[in-house]
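# Remarks on the overall topology
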Amino acid sequence: MSPNIIASLVPPTPEALAAAGRILAQGGLVAFPTETVYGLGGDATNDRAVAAIFEAKGRPSFNPLIAHVASVEQAAGLVAMTPLACDLARRFWPGPLTLVLPRLENSPVSLLVSAGLDSVAVRLPDHPVARALIQAAGRPLAAPSANRSGAVSPTTAAHVAESLSDRIDLILDGGPCRVGVESTVLDLCGPRPTLLRPGGIGVEDLEAALGQSLLRSTDAPDAPRSPGQLESHYAPTLPVRLNAMTRSDGEVLLGFGPMACTLNLSPDGDLAEAAANLFASLRALDRPGLTGIAVAPIPEHGLGLAINDRLCRAAAPRSGA
Ligand code: AMP
Ligand code: MG
């Protein structure tokens with residue numbers, strides 16, 4: 001699109017979905033809701049569209065993207081759906097689980113999506129608008145979170161408009177995201193399933209389904225890694241201080257469970273509610289004139305793993321720019 005044209009924010013009517021499908025088929029970019037966060041979608045089989053995603057986000061090109069599909073059959077046209085992948089897809093798709101699988105030799109997915117790797121990450125999202133859009137486009141959609149690289153992920157259409165509206169063609173407004181943190185990323189290319197990123201599906205649920213514990217990318221030096229797991233990410237403008245029970249002068253306190261605080265992720269201590277509120281809360285507290293955001297401890301189980309992963313990166317030293 002031409003620079004400085006502000007993307008329109010529209011409800012996902014059948015007409016809007018059809019128009020969005022045409023934009024995508026022509027190589028344009030459309031932001032859309034998924035159950036995790038809002039995605040910045042482009043045709044995963046079109047090099048120029050994929051390059052435009054990296055450009056709009058300011059995302060490093062070595063950080064590969066997830067190809068979103070509308071059916072298991074569509075995934076099977078892109079990657080080798082091994083028996084284990086089919087089994088996990090039966091149990092967890094549609095849903096916030098991304099599977100990294102060997103790329104098919106004749107896979108139509110742009111090499112830019114996988115950043116030169118011989119694997120491709122695929123996911124079938126559990127959001128009717130996301131699936132309708134992929135169907136309308138008639139092709140898999142590469143769709144990282146619809147925000148500038150390194151910043152807090154968007155869980156409403158308004159969040160997308162704040163950072164990207166002059167860089168994309170259309171924003172479909174499907175209301176706030178139900179899960180609120182990104183998908184769990186599981187690498188199935190090696191001899192043992194490896195967790196590359198904790199996310200919307202709890203590790204305990206995956207381990208119960210697999211009947212074995214997951215290898216973590218931090219477990220062994222030769223364990224598979226995600227090139228995109230950069231240290232500083234999901235970062236608001238203000239510094240973030242973790243495991244805080246009180247706030248210092250100039251700080252705001254993001255709480256969890258019953259406690260005195262500026263804003264509470266979940267007064268009842270419910271991790272699903274906290275995940276759904278996480279990114280919107282960080283945005284709401286990221287105000288000028290403050291010295292930092294202090295965050296209460298979050299239990300390290302279930303969705304707490306994904307929340308703590310995002311918070312640790314939000315608190316990590318910034319790389320300067
Ligand atoms: P995002 O698009 O921001 O949700 O991030 C996608 C995540 O999946 C990043 O951490 C990527 O590094 C990871 N990922 C995508 N494709 C691959 C792949 N082929 N191998 C390993 N990790 C991947
Ligand atoms: Mg992201």
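Just above sits the structure.
These numbers were taken from a predicted model, which means no experiment stands behind them.

### Description of the sheet that holds strand S14 (residues 263–264)
- Strands sit in the order S12-S15-S13-S14 across an open sheet of four strands; the sheet is parallel. Among the strands making up the open sheet, the edge pair consists of strand S12 (240–241) and S14.
- Pairing geometry for strand S13 (residues 251–255) and strand S15 (residues 292–295), over four bridges, is parallel. Directly across from Val252, in S15, lies its bridge partner Ile293.
- With respect to the sheet, helix H8 (residues 271–285) is in contact with S13, S14 and S15, its orientation differing from that of S13 by roughly 165°.

### Describing the environment of Gly150
- With respect to the helices and strands, Gly150 occurs in the loop between strand S7 (141–142) and helix H6 (157–164).
- Along the chain, Gly150 and Ser232 lie 82 residues apart, while their C-alpha atoms are 6.8 Å from each other.
- Other than its neighbours up to four places away in sequence, Gly150 contacts His233, Tyr234 and Ala235.

### Comments concerning H8
- Between its terminal C-alpha atoms H8 stretches 19 Å, which fits the 21 Å expected from 15 residues at 1.5 Å a residue.
- Of all bends in H8, the biggest is about 45°, found at Leu278.
- Contacts made by the buried residues of H8 are with S13, S14, S15 and helix H9 (303–315).
- You can read the cap of H8 off the contacts: a side-chain oxygen lies 3.1 Å from the backbone nitrogen of Ala272, and it is on Asp270.

Conventions used here
Residues numbered from 1 in each chain as written. Chains lettered and ligands numbered in written order. Predicted model: local features only at pLDDT ≥ 70, side-chain atom pairs only at ≥ 80, totals over all residues. Heavy atoms only, no water. Pairing = 2+ DSSP bridges. Helix = DSSP H or I, 4+ residues; strand = E, 2+ residues; numbered from the N terminus. Contact = heavy atoms within 4.5 Å. Axes fitted to C-alpha atoms, helices over the stretch in contact; angles between N-to-C directions. Expected span 1.5 Å × (residues − 1). Bend = angle between axes of the 7 residues up to and from the residue. Polar contact = N/O pair within 3.5 Å; in protein donor to acceptor, adjacent residues only side chain to side chain.

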